[in-house]
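Residue-level structural notes
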Amino acid sequence: VQLQASGGGVVQAGGSLRLSCAASGRTFSSYAMGWFRQAPGKEREFVAAVSRVERITYYPDSMKGRFTISRDNAKKMVYLQMTSLKPEDTAVYYCGADGGPWDGIDWSPSIVDYWGQGTQVTVSS
């Protein structure tokens, strides 16, 4: 599956953005989907994930409350709604697809089978 993330941009602190990830290929619903982010000089950080068909969502504790992941299997799209953005949310955001079993735990970048190219989010203070 090929992934393409979009929707990033520059936003003021307190603002909102919705990121999109478009998938190609016939097996999109076979993959759990997730979002990661990577700030300069930092490791890639897990943001959220959604399961294949049941669309169960999972967020690490640090991301709960301001981020909402969703997917539309018919459109082969995954979204990340971000609200109350802070300057520390500034990063390149990546979508990823995982073909392994849904565990409902934090994702490591190593389990991602396919990555999108990333979209830059800059939050100004």
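Residues numbered from 1 in each chain as written. Predicted model: local features only at pLDDT ≥ 70, side-chain atom pairs only at ≥ 80, totals over all residues. Heavy atoms only, no water.

Here we come to the state of the cysteines. As enumerated under the stated definition, the model contains one disulfide in all. Disulfide partner of cysteine 21: cysteine 95, at an S-S distance of 2.1 Å. Classification of the bridge connecting cysteine 21 and cysteine 95 rests on its S-S torsion, roughly 65°, and on that basis the disulfide is right-handed. In this pair, cysteine 21 sits in strand β3 (residues 17-24) while cysteine 95 sits in strand β9 (residues 91-98), placing the two residues 74 residues apart along the sequence. Across the pair, cysteine 95 and cysteine 21 agree in class, each one buried. (Disulfide = S-S within 2.5 Å. Helix = DSSP H or I, 4+ residues; strand = E, 2+ residues; numbered from the N terminus. Buried < 20%, exposed > 50% of the residue type's maximum accessible area, 1.4 Å probe, protein only.)

It is worth spelling out the pattern of salt bridges at this point. Within the structure shown, the criterion is met by four salt bridges. In this structure, glutamate 45 and arginine 37 form a salt bridge, with 2.9 Å as the shortest nitrogen-oxygen distance. Here aspartate 61 makes a salt bridge to lysine 64, at a shortest N to O gap of 3.1 Å. Neither residue differs from the other here; aspartate 61 and lysine 64 are each classed as exposed. Each of Arg37, Glu45, Arg66 and Asp89 takes part in salt bridges that share partners, so that together they form one network. (Salt bridge = Lys/Arg side-chain N within 4 Å of Asp/Glu carboxyl O.)

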